[in-house]
Structure formats: structure tokens, C-alpha cells
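A closer look at the structure
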Number of protein chains: 2
Amino acid sequence: MQDPSRQRCRPGLPSPNAREAASMYGTVVAVFLVILVAALQGSAPPESPFPYRILLDPQGTLELSWNVSYTQEAVHFRLLVRELKAGILFGMSDRGEMENADLVVLWTNGDSAYFADAWSDQEGQVHLDSQQDYQLLQAQGTPEGLALLFKRPFGTCDPKDYFIEDGTVHLVYGILEQPFPSVEAINTSGLQTGLQRVQLLKPEVPVPEVPADTRTMEIRAPDVLIPGQETTYWCYISELPQGFSRHHIIMYEPIITKGNEALVHHIEIFQCTGGLENVPHFSGACDSRMKPERLNYCRHVLAAWALGAKAFYYPEEAGLPFGGPGSARFLRLEVHYHNPLKIQGRRDSSGIRLYYTATLRRFDAGILELGLVYTPVMAIPPREPAFVLRGYCTDKCTQLALPSSGIQIFASQLHTHLTGRKVVTVLVRDGQELEVVNRDNHYSPHFQEIRMLKKAVSVFQGDVLITSCTYNTEDRKLATVGGFGILEEMCVNYVHYYPQTQLELCKSAVDAGFLQKYFHLVDRFNSEEVCTCPQASVPQQFAAVPWNSFNRDVLAALYGFAPISMHCNMSSAVRFRGEWDLQPLPEVLSTLEEPTPRCPASQVQRPAGPTVVSIGRSSG
Amino acid sequence: MQDPSRQRCRPGLPSPNAREAASMYGTVVAVFLVILVAALQGSAPPESPFPYRILLDPQGTLELSWNVSYTQEAVHFRLLVRELKAGILFGMSDRGEMENADLVVLWTNGDSAYFADAWSDQEGQVHLDSQQDYQLLQAQGTPEGLALLFKRPFGTCDPKDYFIEDGTVHLVYGILEQPFPSVEAINTSGLQTGLQRVQLLKPEVPVPEVPADTRTMEIRAPDVLIPGQETTYWCYISELPQGFSRHHIIMYEPIITKGNEALVHHIEIFQCTGGLENVPHFSGACDSRMKPERLNYCRHVLAAWALGAKAFYYPEEAGLPFGGPGSARFLRLEVHYHNPLKIQGRRDSSGIRLYYTATLRRFDAGILELGLVYTPVMAIPPREPAFVLRGYCTDKCTQLALPSSGIQIFASQLHTHLTGRKVVTVLVRDGQELEVVNRDNHYSPHFQEIRMLKKAVSVFQGDVLITSCTYNTEDRKLATVGGFGILEEMCVNYVHYYPQTQLELCKSAVDAGFLQKYFHLVDRFNSEEVCTCPQASVPQQFAAVPWNSFNRDVLAALYGFAPISMHCNMSSAVRFRGEWDLQPLPEVLSTLEEPTPRCPASQVQRPAGPTVVSIGRSSG
């Protein structure tokens, strides 16, 4: 640990190495003044500070806090740089790459320090942005380091800028170790860089009151020694007390062991199947060969937290049933440690604190699984940058399984395996797309959190829910089929709703007979002698397809046309009564438009170029 | 005709009817002041006046002039309203509809007059634009009427605004006959409205000098009585003098009979096939049953003019060969009269004036036909809003037919039949789209002009030219096949280039054998008993396809995959030597991005809402 008093006297001074580099340019890197740049003082940061906070780098030297103004359609950022060298890059990009990124740059040319809106091209070369949309509000030396306050509208209408929208945002950063004569002299490829995924646009949901009889239960890792490897999923089985009666979980929050904030990536609690008499009290890596077989029965999500998320509150009229006869007594805690620096010897007791009450709320909350059945008939051709698969929850199923008063979806967790890039679920009524249930245009399989919806979505009998997943298989040589395996794919949206119904999953897959017609067609159309013969298994048949644009396009055409087989189930094995095979694809006559950036309504006075930064020292 | 002196004294005064309506609101419609609104005086219109001019309505009461500033990326408009009633709408929309249009509105509420940027929704309801991008520079009473000067950037980044780009722009207008309390009270459906197609973004091509020995020849309609019907194509055969020697046409310009400016829509001159000894001296409607069969041999475009176009100049190093041994002695003039008011008894002698010289320029210019072969194997399914067909000019053909120094394309005329909506030709080299030869995102079959390119495009041996046409067949019940008929389709780009080569057409169509595989596949895949049997003709086979998304998507997949048959021809009948069947589709590895609006770079001071208009009277 550094001595904080040392830092107080010289906030943001470069480290010896960088200082040497800077002095090559004959000057100190940053100039500290008590007074801010006059032009910037007018627009002080908002009263309310920054409720959301995340460490950007594994060392924890870059700390980002932010708040969101939905009326201004802008995000206010506070970036704390603990050990400032010659400057930093910070920004956003589609999937966390440093190329084609929308950046702010704080840099020095040796004489002065500057702040500017910039962007990197596909070679990582940084350019000044013709339109300056990141607005610097304050630059201040603090005891902890240099604090930069700036704001950015969600959309800027500058085509070089990132559009801040709902869902995952990939934040990127880069450390400048030496002065640069100009922004154009910087290339991101030579820098120490990194990325952090976060949901920037947190919903503004009012926090319901916690009743007086609320009790808490902590499900935590048992003082685990974090392995010195990049990725560990730790599994730990815990158990409810004997005779634990029926309660409602009404909220939960993360417990992160101090000092491990940059290592604990996400935490989930799963319920094991209700009927299980006993589950071994395992604690170890989830992929360990020692892991008991029984843990595979612990897959029903109870709670989930991911980096950057805060406490999760159920709506005040609903709670998640927990305990009581027939319910799951065993819980599986899973903690994902992300340790790219391979730090050794760190111990951890992170977990989740559940808040529950015996005073049951009006409604039980439930979780409904939407999307695609886990079956190889739904496959993605190889070498595709953005192939889309769709899973349907049909009108026939909602008609049968939902109450006449409908259900309210208030939260959603999206799920795919490694090639998933986008996920969206849309509500369709009478052939018209009405509302987006949840959309993530920058979805990452490495960042799956339960997200509160900004506005609950009502689903009624006869409604249709369509979940579309976009996959990137550019690095694969064979088709990727649907299934449970990590190299197979899923397309799932777990929606949290109330009142709970018997419907646990409403998913689809293409009719297997029509898929055989496709294989037959491929065999006949392609002049090459291939055999995607019916006696082979579907994965073998897909593996035999000679992929070209025709076979790909026809597969996509099949998925967009052929009848489907529906799973409209009470549990993974029990279907609702009815005919669920060879169902027609739901018709969509009118579609919603993709969200597009709205240009900032007010004509903000934007600087034409870089702003000279003079850093005020905190008076406190 | 109105008495102009009357107009001079009361410019823009409402007609009696409208005045009555206005007086219902207890006031006169427009207020005339000598002084302009002070805030607007700063930005006076540019020195150079408005080189381009067009009448918007058939009565000729709305006259639009404009100029283009490529450095400012803005268009300056001057709209002259000859008989102002209570106001006007003027603007642009995708295809000339009054719904979803980007509009300026000049209106009065009875007390004051206002000018504002507005837009109409899909019901034609007008709304004030949150961002005011049409900037009023001057409103002035003149002897001829009210003159409004205003400017608009090409792109505004306001999603409600039309993006002014190369190619056709559909201008729309509407006449307000009575005051409206606000913009929101206006619906376009109740108004007298109209549209006019024009190329707004004229290229800034330097005008080459006309040599001293230049002579002119006028090819004009022989004092034709314009029929009192909406649409007439008039055909007239004229003849070059006996023994007329080889010349170069170096420019041509329209001759429009005075008073008929709003009736003459476009004019073309075609050369008849070189070998023809004699062609009857016909003058009459082109669809007349009296029309001699021989006129079908007069299809080779020599010159073309359309509404809003000015003189056409050949580049100074090239001219179009004309006269001399072996060339066409007979010319077919075709004049399209557009007479929606069905005016009777108007006589017309419009035509084209050719400027030619005996001092031949360095290069002969030529015309090369790109796109699709006229064959039914290229078809568009019915009920499609935007189906794309592509025609290829392959590397093999350019390798063989172009000189090693390449050719320069300097002008282009796009051509489809009735369902064509967009046309673009792209130059591809080494698998990379390099340059757009010509793009029209608002193409109309009713507005086909020869357009000078902003920048000549060099095409070398081994280059590929891909012409893509987008069709709308929403109002058709059967497939639209390729062919000569007006209800069949074409996809053609006539490119004008030099030096002339033997290559007259470089076009493609899907291989007929692969299309038969498609019909076979359709027969087998669709459960219905249909027969797209091989003994039927291709149009019959297409007519038998039971259209659904699968059959449509597979046809598109076929066109995107199957080998092509090339026409790499010296004339419509003579191919270059080589194997032209079963050619592979050219590979395109990287594509150009569609043009997108650039937000105005400078932060213009825009008004927040409507501008009060006070109309200055001209001092002259």
C-alpha cells in the first residue's frame, strides 16, 4: 500500500519512471492550481454525488463513479486517477476493444495538460473529435488522486461517438506513461489498456421500504483462497436450517471482501431441485473433478449479482418464495473470480446477503425461462459475424398458462454461451411488436446480471414473446449447435415476474422434420458429394454441411419460415396439455425501430477543441 | 394571365377567397414592412445568385431556385410564391409523399406570419420540429410575388429531417388557403399538394471552353399540339444531312418552348442502328399504333435531358462521335409531356440543341451498359418492399475489353422500369469496394437523366463493377421477371466514358441451370402440390411459385450464390471471345458504408421555434 499522506502532498505526480520520461520533455507533467478553468466553472456537477462506482483496472488505480440523468439524457462521470502518470484514455467501445473506441483523453505535451473528446480508428490511432461531446466540468487534485468530472449525453449524433444505451457498456481505459505532443501522436496499441463491463444506465426504480420483521441470511464463500489463475468459478453448497418455513426474499445485496473489489466478478445463488434429500457440502472449483454429480441439480437461479450492480429489490407487492414444504433446502453459491494479474494468496468470503420476511407479500414472484430449447436443431453456421436465432413463446402457451389478469415482468437476466453478442426480448400483441422487455446490444456472456426493468412489462393471455440472440462464430470452423455444453449455444431470457404461475418455461425450436428437409435440400443442391444423411445425429449432419452463403442463407430462411415445436412447460419435464408440435411461427406484421441516438435537444456550448486543464487542489 | 402591374402593388396579397377566410380571423394575412427581421439580416444570401431553377407546380406559381455550397455542406433556396394565399408548405420526402415529409411552413394565424421547420407524420399531421434546421435568411415582397430565402445543411442529425444526398430529391409542396392557429393544426391531406423530382446536389464540374468552330444542330418537336392528357411520349424522327461527316458533340442543352416549362418533363435523342437505310419520318405518340416498326431500332441514347437539368458538357478531352461513315443517320427525338391539368391546345417545339465540332477531340466518348441482362431468370417476388437484384461486370470482361490505361467514367444514366426504387453502381478492385460510380437512393423511373459525376471514376483491367437495383413490388401479385416489357424489369446503368472501346455491354444474369435447381427445390420443399416444371417457360415457372418467406429468401440466397452467365459484348449480339457461362460471382470482401448525414460542423445559432416573418418590399 502507498502512504496516503505522501499522495496528499503530490496528488497525481507521475511515478519515477514516467517522471523521467516527462522530464525528457523538460517539464513537469501536470500543473496544479487552486482555480479551475474559468469557462468550466459555470456548469458544476449536480448536487447528488455519484451513486454508482466501479474499479476499472485490476490494480484499482482507476475508479469510476457516475450518475444518470434521464431528463438531461446525460451521464455525469467522476474518474479518480490514483497514480497519474502522463495522462489517461477513458471511453467506450462496442465490445471493449481499444480500436474504434469513443475516448476522452487527458494528456500533457510536457508544458500543459489537455482534456479532449477523441476516437480511435481501426488501427488504434487516436484522433481528435471534430465535435467535442465530453464536457469537462472539473479537474481537481484530491488526497486520493486526480479527480476528473465530466459529462456526456447518451447520444451525440456524431457518428464517431458511442451511443450510450440500455444494457451492457464496455468501458475501456489506457495509461499514458509519457507526454505526447498531440492526441494524434497516440496509438492505443502501445499502451497499458483494459476494459470493464458495466450497466451504465441504471434504472431509476424507487426503493421499496424494508418491513420491520426483515431478517437477513448471508450466503458467503467460506474464507476461500483465491487461486492464482485468471478465471475461477468457485462452488459452495449451503443449506437452509431444518424446518425453515416459507418466507419471501424481498431484497439482496452483495458482500464483497474488502480489498477484493477488483477480483470478484460476479456471484450467483442457485436453488437445488426441491426433492433432493441431501447434497454434499462441497466447496471448490466448479469445474473440479471432485465436484459431486448432485450439484448439477442446483441450476435454478435464486439471486445474482455482477460487477457494478447494487442491491436488488423486489417490487413492494411481491417477494421470492423461500423455505417451507416442498421447496429447495440446498443452495449453491457460485463466485466468479477474475484474476488477470494472477495474484496469489488472497483470501475471500464474498457472497450475497438475502433480506427476507415471514410476513408474506401479496404476490409470489416467479422466474420464467424464454428463448430456445436446448437442442442441436437450432444451429449457427461457422464464420458468421452476426447470425440471429429466435425463440418464441406463443400466444397459445400464454393463453393457457397465464392468469386472465396477466403477469408483470419486472426484471430479466439474459443468457447465452460464448458466441452470444446481442439479446433482445420483444412483446408482440396482435402481430405488432409493442414493447421491448429487455435489450442488450452489447451483451457479453462474461457479464450476466439480473437487471431491473426501467418499467414493468405487462404480459396478457394471447401475447407472444420473441427472444432474439445474435451470435458471432467468426472463429469457429464447424456449426455451433444448441445444447448445454460450453461450446454449444443457448438463447435464454430468465424473466422475473409476478404473480407466480405454473409456467416455468416457454421456449421453442424449429420442427425437426423441416430441418431434415433442409439437410435433404443441401444434399441435392450442392454439387459436391456430401452426406448429411438422416441416419446421422443432428450435430453430425450439421458438421457435414459444406458451408457457403447459400447453405447459410437457406438455413436462416428455414428458421424464419418452418413451423416450430413448443415447450410450454410447468417444469423442465412437465408440459401443459395440448398439441405443441408443428406450431406456426408467430406472425409479426409491424416491428419496433431500433433505438437511435437522439441529438442533444439543447444547443450546448461545446468547446471547439481540447480544453486546457488546470487542476485545482481540494481545499478539504 | 394576371396583370403584373396589379401584382406589383400588392405583392403576395391573398386572392379574394383566401382573403375572406383570413378576414374571418379579423386581420390581413401578411404584413409588409420594408425592414427585415433584424436577427436575420446578418446572414445575407450569398453573392452568387441561384443557378438552378424549377417550377414546382403545373400552374407555375411556385418557382424554386437554389445553389449548393459543398464547403458549407448546405443548400440555399429561393422560393418565389407568385400568388400567396395564407401560406405554403415546402419540403422533401423519400418518394414525394406528403406524409413523413421534412417541411418548412410559412403560415399565418391571422395576426402574424411565421416561418418554421416542421415535419409531417405518417398521417400527414404537421408538427413543429424540435430542432430548427431550415434557416430563414430573407422574406421579401417582389413584383413577382413573395420571395423566401432560406438555407438547409445537407444533413442535420435530426432524425425527423431528410438527408439531402446525391441523386434524385423529391420536393413536395402544399398550398395553405386559410390561416391556421398553429403548425399543429395543419394536416397535409386537406391541402392542394404536389411533388417535383430534381437533382438538388448538382456537381460542380468546370465548364470546358467551347471551340471557335463549334456549330449547332437543333432536334426539336415539329410544332406539336400537346395532347390534353396526363402523359404523352412524343416520337419524332429526324435525319442528319446526306454526307454529314464525322464530328464530336461536345455539349448539348435543352430548348424549351416558352410557357411550356411546367409541361416538358424530359427529352431524349436516340440514334437508330447504323445500318438502317431509311426510317420513316414519323411524328406522333410513341405508343401510337401507327408508329413504324423501324423505330424499335432507335434505342441508342445520344443525349438526354430531364427537368431541372442544365446543359450537358463533355469533358474537354472527349466528344461523342456523330456522323461519318457507318454511323447512324437517323435520330429519334422523344419528348415526355407531363400534363396533369390536361391543358388543351398548347403547341410545343421543345427539343435539344447539339453543339458539335469538326475538330475532333483527343478521345471519342462511348456509352457502356452495366447491370442485368434482359432475361426472365432475374425476377422479383411479389409483395416485396425492397428486393435487391445485382448485375455484374466481371474482372474477366474488363481484363479483356478495356485498354491497359483504363477508362474514365464521367457521367451515368440509371434505368429501371416501374418498380425500381434505388440504383447504385460500385467499383470493386481486389475484392474491395473502392468507389461509388453513381448512387441514387431515391431513384424514380419517372426521372431518368444523364448525370455528370462529381468526380470521374477510373476503371482498369481486372476491375469489377456491380450494379444493384432495389425494387418495390408491394402492389404486385405475381413475380416480376426481367425483360423489355413495361411490366417487366430492368437494372441498367448507362455509363458515359472515354476513350471509347469496343465494349458496349457488360452485364450478367444468374445461370439458368441453377435457377432450375431452385424451382426443383421449391417443388420438393413446399408441401403444396405445385408444379414449376422444367417444360414450362421461366416466366410460367415463376408464376407458379407459391410465394412465402422461404421461397423468397431462397431465391435471394440463390442470386447471392449461384454462378452467373456473362454478357461481355461488343454490341447486343456480338460477344468477346471466351467462356462466359457458369462464371463465379465476384467476391466482395469489404464493402463501403452507406453515406450518413454529417452533423453540421459549426455550431450554428438556430432559432428555438418559429420565426416571425415580416416581409420587406423590394426597393427596385
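Criteria and cut-off values
- Residues numbered from 1 in each chain as written.
- Chains lettered and ligands numbered in written order.
- Predicted model: local features only at pLDDT ≥ 70, side-chain atom pairs only at ≥ 80, totals over all residues.
- Heavy atoms only, no water.
- UniProt positions renumbered as here; feature names shortened; annotations may be inferred.
- Helix = DSSP H or I, 4+ residues; strand = E, 2+ residues; numbered from the N terminus.
- Buried < 20%, exposed > 50% of the residue type's maximum accessible area, 1.4 Å probe, protein only.
- Contact = heavy atoms within 4.5 Å.
- Areas by Shrake-Rupley, 256 points an atom, 1.4 Å probe, with all protein chains shown as cover.
- Core = buried A, V, L, I, M, F, W, Y, C linked by side-chain atoms within 4.5 Å.
- Phe/Tyr/Trp six-rings, centres within 6.5 Å; stacked < 30°, edge-to-face > 60°.
- Lys NZ or Arg CZ within 6 Å of the ring centre and 35° of its normal.
- Salt bridge = Lys/Arg side-chain N within 4 Å of Asp/Glu carboxyl O.
- Disulfide = S-S within 2.5 Å.
- Patch = residues over 30% accessible without salt bridge, like charges linked within 9 Å, V, L, I, M, F, W, Y side chains within 5 Å.
- Pairing = 2+ DSSP bridges.
- Axes fitted to C-alpha atoms, helices over the stretch in contact; angles between N-to-C directions.
- Parallel < 35°, antiparallel > 145°, perpendicular 65-115°, else oblique.
- Left-handed = near helix turned anticlockwise from the far one by under 90°.
- Nonpolar A, V, L, I, M, F, W, Y, C, P; charged D, E, K, R; others polar.
- Domains from an automatic or database assignment.
- Buried area = accessible area lost by both parts, 1.4 Å probe.

By the naming in an unreviewed UniProt entry, chain A goes by Dopamine beta-hydroxylase and is assigned to Octodon degus. Annotation of chain A in UniProt includes, under Subunit (unreviewed entry), the sentence "Homotetramer; composed of two disulfide-linked dimers." Check the Sequence similarities (unreviewed entry) section of the UniProt entry for chain A; it says "Belongs to the copper type II ascorbate-dependent monooxygenase family."

To continue, consider the overall build of chain A. Each helix and strand counted, chain A has 7 helices and 38 strands in total. Here chain A holds 620 residues, and 57% of them are scored as buried. Across chain A, every contact between residues at least 6 apart in sequence was considered, and the portion connecting residues at least 24 apart equals 77%. As displayed, chain A offers around 26500 Å² of accessible surface, 51% of which is attributable to carbon and sulfur atoms.

Turning to the nonpolar core, a few remarks are in order. Across soluble globular proteins, you tend to see nonpolar side chains buried next to one another. Core analysis: the biggest nonpolar cluster contains 79 residues, and A:Trp66, A:Phe90, A:Phe150, A:Phe322 and A:Leu354 have the highest contact counts within it. With 6 residues, the single largest contributor to this core is strand β18 (residues 300–306) of chain A. Core analysis: the next-biggest nonpolar cluster, separate from the first, contains 77 residues, B:Ala113, B:Ala139, B:Ile267 and B:Ala411 among them.

Moving on, we get to the packing of aromatic side chains. For the structure on display, the rule yields 48 aromatic pairs over all chains. Judged by centre distance (5.7 Å) and plane angle (70 degrees), the ring pair of B:Tyr314 and B:Phe410 falls under edge-to-face. Placement of B:Tyr314 in the loop between β19 (312–313) and β20 (318–322) and of B:Phe410 in strand β28 (residues 407–415) is noted, with a sequence separation of 96 residues between them. For the pair B:Tyr314 and B:Phe410, a shared accessibility class is recorded, and that class is buried. What links up through ring pairs into an aromatic cluster is the set A:Tyr252, A:Phe312, A:Tyr314, A:Phe363, A:Phe410 and A:Tyr498. Here B:Lys202 stacks its cationic end above the ring of B:Tyr52, 5.9 Å away from the centre of that ring. Over the aromatic face of B:Tyr374 sits the side chain of B:Lys507, whose NZ or CZ is 3.6 Å from the ring centroid.

All names here are of chain B. Taken as a whole, this structure holds 42 salt bridges over all chains when the rule is applied. Here Asp 553 and Arg 552 are joined by a salt bridge, their closest N and O atoms 2.9 Å apart. Take Arg 552: its relative accessible area is 25%, and that puts it in the partly exposed class.

Residues and elements named next belong to chain B. What the rule picks out here adds up to 10 disulfides over all chains. Between the sulfur of Cys 397 and that of Cys 568 lies a disulfide, 2.0 Å long from S to S. Its S-S torsion of approximately 85 degrees makes the covalent link between Cys 397 and Cys 568 right-handed. Of the two residues, Cys 397 is situated in helix α4 (residues 395–401) and Cys 568 in strand β36 (residues 564–569); the sequence distance between them amounts to 171 residues. For Cys 397, a relative accessible area of 0% gives the class buried. When its relative accessible area of 0% is taken as the criterion, Cys 568 is described as buried.

Residues and elements named next belong to chain A. Residues Leu 418, Ile 486 and Leu 487 make up a contiguous nonpolar surface patch of about 290 Å² in total accessible area. Among the structural elements, Ile 486 can be located in the loop between β33 (480–481) and β34 (492–498). The exposure class assigned to Ile 486 is exposed, which follows from its relative accessible area of 53%.

All names here are of chain A. Here 4 strands make up an open sheet; going across it, the order is β27-β32-β29-β30 and the pairing antiparallel. Edge positions in the sheet fall to β27 (387–393) and β30 (432–440), since each of these pairs with one other strand and no more. Across this sheet, the average inter-strand angle for adjacent strands is 20 degrees, counted without regard to direction. Note that strand β29 (residues 420–429) and strand β32 (residues 464–471) share 8 bridges and pair antiparallel. Paired with Val 428 across the bridge in β32 is Val 464.

Attention now moves to the packing of helix α5 (residues 512–525) of chain B against helix α7 (residues 549–559) of chain B. All names here are of chain B. The contact between α5 and α7 brings their axes to 11 Å, and the two run at 160 degrees. Classed by the angle they form, the pair α5 and α7 counts as roughly antiparallel. Between α5 and α7 lies a crossing of right-handed hand. Here Phe 514, Leu 515, Tyr 518, Leu 521, Val 522 and Phe 525 of α5 come into contact with α7, specifically with Phe 550, Asn 551, Val 554, Leu 555 and Leu 558. Among the residues forming the contact of α5 with α7, the class breakdown is 10 nonpolar, 1 polar and no charged.

So, about unusual backbone geometry. Following A:Tyr498, the chain continues into A:Pro499 via a peptide bond in cis, with omega recorded as -10 degrees. Note on placement: A:Pro499 falls in the loop between β34 and β35 (505–510). A positive phi angle, near 50 degrees, is found at B:Glu73, a position not held by glycine. The residue B:Glu73 is located in the loop between β2 (62–69) and β3 (74–81) in this model. Judged by relative accessible area, B:Glu73 falls into the partly exposed class, the value being 26%. The phi dihedral of B:Asp223 is positive, around 50 degrees, even though this residue is not glycine. Summarising the element assignment, B:Asp223 is placed in the loop between β12 (215–220) and β13 (224–225). Judged by relative accessible area, B:Asp223 falls into the partly exposed class, the value being 41%.

Moving on: the side chain of B:Thr108. You can see B:Thr108 is positioned in strand β5 (residues 102–108). With relative accessibility at 1%, the residue B:Thr108 sits in the buried group.

The next subject is the sheet that holds strand β18 (residues 300–306) of chain B. Residue and element names in this part refer to chain B. In spatial order, the strands read β17-β14-β21-β16-β18; together these 5 strands make up an open sheet with antiparallel pairing. In the strand order of this sheet, the two ends are held by β17 (283–285) and β18, each with one partner. Along the sheet, successive strands turn relative to each other by an average axial angle of 20 degrees, direction set aside. In the sheet, strand β14 (residues 231–239) pairs with strand β21 (residues 330–338) via 9 bridges, with the strands oriented antiparallel. The partner of Thr 231 across the bridge, within β21, is His 338.

In terms of strand pairing, β14(B) meets β17(B) through 3 bridges, oriented antiparallel. Bridge pairing links B:Trp234 to B:Ala285 in β17(B).

Residues and elements named next belong to chain A. Taken domain by domain, chain A holds domain 1 (52–202), domain 2 (205–363), domain 3 (365–510 + 565–587) and domain 4 (511–564). With centres defined by C-alpha atoms, the gap from domain 1 to domain 3 works out at 35 Å. Contacts between the two partners involve 13 residues from domain 1, matched on the other side by 13 residues from domain 3. It is Arg 95, Thr 168 and Arg 197 in domain 1 that bury the most area against domain 3; as a group they hold 47% of the surface buried on that side.

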